[in-house]
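Listed here are the chains, written in short residue letters.
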Amino acid sequence: MKLTLIGATVLSMLFSGAACAQGANIYQGADLALGEKMIAEHKCVACHVSKVGGDGSAMYKPIGKINTAGLLRGMVEMCNTTMNLGMFPEEVNAVAAVLNRDHYKFK
């Protein structure tokens, strides 16, 4: 089945609506030590530095881009996919939970 531009737009809107509705409770029970380990192991900070310079922290909270816990987790999954990191869902969730704790502070 071929996905049309309209179909892709509708799916995108549905997904982002679902992601927006999620609060930080999606990180409940996340293994923060595992998230810290994954961040170090996959050299996330070095990648962010290479993209935005400085200490890489400008990568966090880009205006209007990531404004919910669900979108944050989605962004971590996008990095996982595009960088071919091979993280499992619980590892993605753990990384997002650490980023939320340290940078985003979604409730």
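Let us look at the structure shown here. As the structure is a prediction and not an experimental result, all values here were calculated from the model.

Section: the pattern of salt bridges
Link 1 in the chain: Summed over all chains, the structure comprises 2 salt bridges.
Link 2 in the chain: Put simply, R101 and D102 hold a salt bridge, and the shortest N to O gap is 2.6 Å.
Link 3 in the chain: Sharing partners across several salt bridges, the network here consists of E36, R101 and D102.

Some words on the nonpolar core
Link 1 in the chain: Judged by nonpolar contacts, the single largest core of 22 residues is most densely connected at Y27, L72, V76, V95, L99, Y104 and F106.
Link 2 in the chain: No other element matches the 7 residues that helix 5 (residues 89–104) contributes to this core.
Link 3 in the chain: If we ignore the near neighbours within four places in the chain, the residues touching F106 are A24, I66, N67, T68, A69, L72 and N100.

Quick notes on the packing of helix 4 (residues 69–82) against helix 5
Between two packed helices, the angle of one axis relative to the other and the distance separating the axes together describe the packing.
Link 1 in the chain: For the pair helix 4 and helix 5, the least separation of the axes is 9 Å and the interaxial angle reads 125°. Considering the angle they form, helix 4 stands oblique to helix 5. For the pair helix 4 and helix 5, the crossing hand works out as right-handed. Counted together, L72, R73, V76, E77 and N80 of helix 4 and V92, N93, V95, A96, L99, N100 and Y104 of helix 5 form the full contact between these two elements.
Link 2 in the chain: Tallied by class, the residues present in the contact of helix 4 with helix 5 amount to 7 nonpolar, 3 polar and 2 charged.

What to know about the environment of E77
Link 1 in the chain: Note that E77 resides in helix 4.
Link 2 in the chain: Under the relative-accessibility criterion, E77 is labelled partly exposed at 31%.
Link 3 in the chain: Along the primary structure E77 and P89 are separated by 12 residues, whereas in three dimensions their C-alpha atoms are 8.2 Å apart.

Thoughts on helix 4
Link 1 in the chain: The end-to-end C-alpha distance of helix 4, which contains 14 residues, comes to 20 Å, matching closely the 20 Å that a straight helix rising 1.5 Å per residue would cover.
Link 2 in the chain: In the segment just after helix 4, N84 is the residue with positive phi, at about 55°.

Looking at the side chain of N93
Link 1 in the chain: Within the element layout of this structure, N93 appears in helix 5.
Link 2 in the chain: A distance of 3.0 Å separates the side chain of N93 from the side chain of R73, its partner in a polar contact.
Link 3 in the chain: Apart from the residues lying within four places of it in its own chain, the contact partners of N93 are I26, Y27, A30 and R73.

Reading guide: rules and limits
By convention here, each chain's residues receive numbers from 1 onward along its written sequence. Per-residue local features are limited, in this predicted model, to residues with pLDDT of at least 70; the limit for side-chain atom pairs, both in listing and counting, is 80 or more; totals at the level of whole chains, interfaces and linings are taken over all residues. The side-chain quantities take in all heavy atoms of the structure and omit both hydrogens and water. Definition used for salt bridges: Asp or Glu carboxyl oxygen within 4 Å of a side-chain nitrogen of Lys or Arg. Side-chain atoms within 4.5 Å are what join buried Ala, Val, Leu, Ile, Met, Phe, Trp, Tyr and Cys residues into a set we call a nonpolar core. We call a residue buried when its accessible area falls under 20% of the maximum for its residue type, exposed when it is over 50%, and partly exposed in between, using a 1.4 Å probe and counting protein chains only. Helix and strand definitions here come from DSSP, where helices need a minimum of 4 consecutive H or I residues and strands a minimum of 2 consecutive E residues; each element is numbered from the N-terminal end. Any two residues having at least one pair of non-hydrogen atoms within 4.5 Å are treated as being in contact. Each axis is a line fitted through C-alpha atoms, and for a helix only the stretch in contact is used; angles between axes span 0 to 180 degrees, taken between their N-to-C directions. Angle categories: roughly parallel below 35 degrees, roughly antiparallel above 145, roughly perpendicular from 65 to 115, and oblique for all the rest. Take the far helix as your reference; a near helix turned counterclockwise from it by less than a right angle gives a left-handed crossing, and one turned clockwise gives a right-handed crossing. Three residue categories are used. Nonpolar comprises Ala, Val, Leu, Ile, Met, Phe, Trp, Tyr, Cys and Pro, charged comprises Asp, Glu, Lys and Arg, and polar comprises the others, including Gly. What a helix should span is 1.5 Å times the count of its residues minus one. Polar contacts, as used here, are pairs of N or O atoms within 3.5 Å; protein pairs need one atom able to donate a hydrogen and one able to accept it. Residues neighboring in sequence count only if both atoms are side-chain atoms.

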